[in-house]
Amino acid sequence: DAGVIQSPRHEVTEMGQEVTLRCKPISGHDYLFWYRQTMMRGLELLIYFNNNVPIDDSGMPEDRFSAKMPNASFSTLKIQPSEPRDSAVYFCASIAGGKGNSPLHFGNGTRLTVT
Amino acid sequence: AQSVTQLDSQVPVFEEAPVELRCNYSSSVSVYLFWYVQYPNQGLQLLLKYLSGSTLVKGINGFEAEFNKSQTSFHLRKPSVHISDTAEYFCAVSERDTGNQFYFGTGTSLTVIP
């Protein structure tokens, strides 16, 4: 089991640029979550998918953020245009089943720095 | 919605001393409870979980936690800490059968002092 794979591990970009973060969930997991971690706000849920369909995107900060899951093995989180306040660590996580009793499996995160 | 409180943001403790990291949640509905550990530059890893049954659950690396329904608490303990336990610890709650919402505390930074 390769675990949840995120890329890139680090991303440094200038304000106004488009940023795309990528995630490959664990095979067979039908739920995928995107989280953002900052010192100020801790761990925030941005959006989650079930069977590739977005279920709850109420945590997405604003229209500059968008997420897609074109198939069961790939998801992207895009920020366009990026701003310095978007600097954070972005985590992808996946689980199998939706009854709350399965623990989340997290990737190692993408550390985004927007200058 | 649940609210998860980790009262201690930072806990320094000497090596080989015992430690308790506190976690309280808000709702009395049936819940599942989790503790995760985050080492520097890594994602969160599951330490242990309470789903049902015995209120004392044991996890990896010698950690254990006790579920107390009346106090809505799920405190994490280790009788003797090691330098390698230095990390960030997160408590998380999900509600039975509503499945997909995981509520996280703000984390406790454990620093083990040699």
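Refer to the structure printed above.
These figures come from a predicted structure and were not determined experimentally. (Residues numbered from 1 in each chain as written. Chains lettered and ligands numbered in written order. Predicted model: local features only at pLDDT ≥ 70, side-chain atom pairs only at ≥ 80, totals over all residues. Heavy atoms only, no water.)

Chemist: Looking at this model, I keep getting lost on the overall build of chain A. Mind explaining?
Modeler: The helix and strand tally for chain A stands at zero helices and eleven strands. Taking 115 residues into account, the globule formula puts the C-alpha radius of gyration at 13 Å, and chain A, at 13 Å, falls close to it. In chain A, which comprises 115 residues, the share counted as buried stands at 48%. If you take every contact in chain A between residues at least 6 apart in sequence, the share linking residues at least 24 apart comes to 54%. Accessible surface for chain A amounts to roughly 5,600 Å². Of this, 48% is attributable to carbon and sulfur atoms. Taken as two groups, the 11 positive and 12 negative side-chain charges of chain A have centres that lie 4 Å from each other. (Helix = DSSP H or I, 4+ residues; strand = E, 2+ residues; numbered from the N terminus. Rg over C-alpha atoms; globule rule 2.2 N^0.38 Å. Buried < 20%, exposed > 50% of the residue type's maximum accessible area, 1.4 Å probe, protein only. Contact = heavy atoms within 4.5 Å. Areas by Shrake-Rupley, 256 points an atom, 1.4 Å probe, with all protein chains shown as cover. Lys, Arg positive; Asp, Glu negative; His and termini not counted. Charge placed at Lys NZ, Arg CZ, Asp CG, Glu CD.)

Chemist: Looking at this model, I keep getting lost on the state of the cysteines. Mind explaining?
Modeler: In protein chemistry, a disulfide is the covalent bond that joins the sulfur atoms of two cysteines. Counting across every chain of the model gives two disulfides over all chains. Across the disulfide from C23 of chain A sits C92 of chain A; the S-S distance is 1.9 Å. Taking the sign of the S-S torsion, about -65° here, the bridge from C23 of chain A to C92 of chain A comes out left-handed. With C23 of chain A in strand β3 (residues 19-24) and C92 of chain A in strand β9 (residues 88-95), the pair connects residues that are 69 residues apart, well separated along the chain. According to the relative accessible area criterion, C23 of chain A is buried, its value standing at 1%. Here C23 of chain B connects covalently by a disulfide to C91 of chain B, the sulfurs 1.9 Å from one another. Taking the sign of the S-S torsion, about -65° here, the bridge from C23 of chain B to C91 of chain B comes out left-handed. Placement of C23 of chain B in the loop between β3 (19-21) and β4 (24-25) and of C91 of chain B in strand β10 (residues 87-95) is noted, with a sequence separation of 68 residues between them. (Disulfide = S-S within 2.5 Å.)

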